[in-house]
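# Close look at the chain arrangement
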Amino acid sequence: MKTWTQSRRLWSLAGLALALLTLVLLAISLTSHVSDQVASTQSPPAETAGASPSAAANIVKVGLKLQALGPPDTAAETFPAVFDLWFVATKPFDASGMTFVDATAPIRLDKPVTIRTTGDRVYQLYRVSGTFRYRPSVDDLFTNRLALRVVLLSTGTARSELVLVPDRAGSQLVPEESKVSQSGIGGGDWRISGTWLGETAVDRATLGDPGFATPQISHSQLVASFSLVQRTGFVEKARRLVPPMLAMPLAIVMAGLLAVTVLYARGARSQVPLRFVVGLGSATLLLAAIESGLAANASAVFDVPQARIARTVIEGCWLALVAAWLIGLLPFVVWGPLERRTGTPPSTLERAGVNVVIMLALGLVFLSSVLKLSAVSIGATSGLLTLILGFTLQSIILDLFSGVLLNVEKPFRLLNWITVDTGGAGVFGQVRNMNWRTTQLQTRDNNLVSVPNSIVAKSSVVNHANPSPFSRAKFELVLGPWVPTAFARQVMKTGAMRSAGTGLILDQPEPSVVVTGIEDYGIRYRILFYVNLNIGSDSATLNSVAENVLAALAEADIQLAFRHDTPEPRRDNLPHPASVGGPAPAQQDAEKGEPARSPLSPNEIELVRASWAASRKSHEEIVALFYSRLFSEAPSLRPLFRTDAKTQRTKFLAMLAVFVKAADQLETLRDTLTEFGLRHQTYGALPEHFELLGDALFWTLEQQLGEAFDEATRAAWIKLYRAVTDMMKSGLQA
């Protein structure tokens, strides 16, 4: 019985609810963004009240026209500015005593561009270019806004003697290019949302100077303030989906949903896409809610250094979430279609390599965009790190690059049978996995051998599955010189053909027997035959062929020759080759009173073979329909089939043909089927899976054969299938 966490409908509803919630929040975000643009201009700083200047004070009118304002450097917390600055004074005035408080380097007003006297007024114009510091507030760090200012202070003269009065009518604090194009300042993504020009009084300590009557003296300063707001793209808007008032409840709900998704991650294969969407969707909204809540209460929670750390962590979490989305989507949008198009599933190393590239790319984005490291710094750091790792992890790095080269060259693929010459004893096995360091082979002894990729790359590799899955096997024996070679070859070929009758070896190409040498005690013969290693093991097929060949020799009254045997005289009364072989093995057993080699009766065997022959033209359709039915009824079985669909269909069709062919002598397949079960144990197969496969197979045969698949035929197929699976289960449960 399915639990509520295994319900596909429940996960579908959860995904739909998240999508609708995202759309609603996006609409709210866009609406609030428009209203924020209308009210984005910050309130001007309050002018500081100071003592009224005396009548003898020099009143100097100061104006400013901004020519260029460069984009702020958020790493160094500076900004460049170019502007025209003028003074209009009615009394003698020396501008060289003015100081730009926030300039990163001293800016001196020594030589004016223009100086002119009109009546009792003196006009002085200066072109100022420099870099200025700014101090972001906690709110600035979380709202993508900045308050920049240029402060001009009369350090050498008290406010009672000199007052700077802003020329607001003549000043222009927005560059002409920004006015015309509405583009960001300096071509960047920051724009000016508000400006202010005014005069404030600032008190400075006299530090015990006896020339002053008070411990503090007031000075006049001119302040030009610029409120900047950063242009936000779709990603930035998406990050601000959650209104602050909904941040806390939404964060709690999304945290709970994410916990359920993680804790109940195991389930049917068909639920994986839904769980993926629900899990990462809830994580995305959770992070958006956390950022929204912090932005609304940042000044009450953090000071500026703490806010910088929190902001860096949030930026890193967003990049990690982007990496998770990209890596999670790859199986559905890249690996799955690629496997269906090429017929070969990507290896673990290929998947891991792409994942590493994604993470490295986003890591570089984090270093350059968030931590504001320069390309030179990143390159120098990575170069030093590469040098250190190269010395300490050179063997691992060699394995990694060897694995990459193996995946590019592809001398073998997953589930191919290969032999790796490791320098002495070769390793023969089926490729189960290729990771970043090793190639894993499952041997016939059911052992998993991990061979470092660097060794595989340097070794001779024999791929027994390429160019076709058929490999030639052989063994040799010696017969006495008195046996005619043509007769001996025919007898041994007849014996080998009996194994072809079970399907363990191929009948096309036919087995063959050749003379390979003449010994002092006899003639050496080599028996050659072809085997599909995906169906029968080399040892099982060798046993079968050897047994049948030796039986055929015994029937022909031919004995093996050994070096110390006493030579026998030549005999001319040997039986004719056509008489060797006799009846089929099953018939021989019945005549001798030995146990039957098959649990099926002759009539049942005939029904199975006749129905299989009747469907010969639609065998491919049968297998395709079988897998379609199986995965629709039992989607949890799909991960067990690691090869591509075409290869899997070919293997299954070959296996069915073997079972039908050997229906009268299934006992000869016991060792092979037991090994099959043992191998499928490592694939994750369970005894109850055989019932699901059987149901899908019988349903498929019924759909294809129609009325020909009557009760008797169905019962015969069920009996054959159970006999085969019982032998496989003995290996599966070993």
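Residues numbered from 1 in each chain as written. Predicted model: local features only at pLDDT ≥ 70, side-chain atom pairs only at ≥ 80, totals over all residues. Heavy atoms only, no water.

Right, let's get into the nonpolar core. In this structure, Phe-626, Leu-630, Leu-666, Leu-669, Leu-697, Trp-717 and Leu-720 are the most contacted members of the largest nonpolar core, which totals 45 residues. Secondary-structure elements contributing two or more residues to this core are helix H15 (602-614), helix H16 (619-633), helix H17 (645-661), helix H18 (670-683), helix H19 (689-705) and helix H20 (711-732). Of the residues forming this core, the biggest block, nine residues, is contributed by H20. Setting aside residues up to four positions removed in sequence, Leu-669 forms contacts with Thr-502, Leu-504, Val-658, Phe-659 and Ala-662. With 36 residues, the next largest nonpolar core counts Val-62, Ala-81, Leu-173 and Phe-226 among its residues. (Core = buried A, V, L, I, M, F, W, Y, C linked by side-chain atoms within 4.5 Å. Buried < 20%, exposed > 50% of the residue type's maximum accessible area, 1.4 Å probe, protein only. Helix = DSSP H or I, 4+ residues; strand = E, 2+ residues; numbered from the N terminus. Contact = heavy atoms within 4.5 Å.)

Along the chain, Leu-506 turns up in the loop between helix H12 (485-502) and strand E16 (512-519). Assessed through its relative accessible area of 17%, Leu-506 is described here as buried. Separated by 26 residues in sequence, Leu-506 and Asn-532 have C-alpha atoms that sit 7.6 Å apart. Sequence-distant contacts of Leu-506, that is, excluding residues within four places in its chain, are made with Phe-470, Ala-500, Pro-511 and Tyr-530.

What follows covers helix H8 (residues 348-370). Between its terminal C-alpha atoms H8 stretches 32 Å, which fits the 33 Å expected from 23 residues at 1.5 Å a residue. Every buried residue of H8 is accounted for by Leu-349, Asn-355, Ile-358, Leu-362 and Val-370. Positive backbone phi, at 60°, marks Lys-372, one or two positions downstream of H8. (Expected span 1.5 Å × (residues − 1).)

So, on to the pattern of salt bridges. Inspection of every chain in the model, using the stated rule, returns 17 salt bridges. Across the pair Glu-555 and Arg-498 runs a salt bridge whose closest N-O atoms are separated by 2.8 Å. Within this pair, whereas Glu-555 is found in helix H13 (residues 538-555), its partner Arg-498 is found in helix H12, the two being separated by 57 residues in sequence. Notably, a salt bridge pairs Arg-609 with Asp-664, separated by 3.0 Å at the nearest N-O pair. Taken together, the residues span a long stretch of sequence, with Arg-609 in helix H15 and Asp-664 in the loop between H17 and H18 at a distance of 55 residues. The exposure class assigned to Arg-609 is partly exposed, which follows from its relative accessible area of 29%. On the basis of relative accessible area, Asp-664 is assigned to the buried category, the value being 17%. (Salt bridge = Lys/Arg side-chain N within 4 Å of Asp/Glu carboxyl O.)

In this section: the sheet that holds strand E10 (residues 417-421). The sheet built from five strands is open, its strands ordered E13-E12-E11-E10-E14 with antiparallel pairing. Either end of the sheet is taken by a strand with one partner, and the two such strands are strand E13 (448-452) and strand E14 (460-463). Strand-to-strand, the axes of this sheet are offset by a mean angle of 40°, without reference to chain direction. Pairing analysis gives four bridges linking E10 to E14, with the strands arranged antiparallel. Within E14, the position partnered with Ile-418 by the bridge is Asn-463. Contacts between H18 and the sheet are confined to E10, strand E11 (426-434) and strand E12 (438-442), with E11 contributing the most and set at about 40° to the helix. (Pairing = 2+ DSSP bridges. Axes fitted to C-alpha atoms, helices over the stretch in contact; angles between N-to-C directions.)

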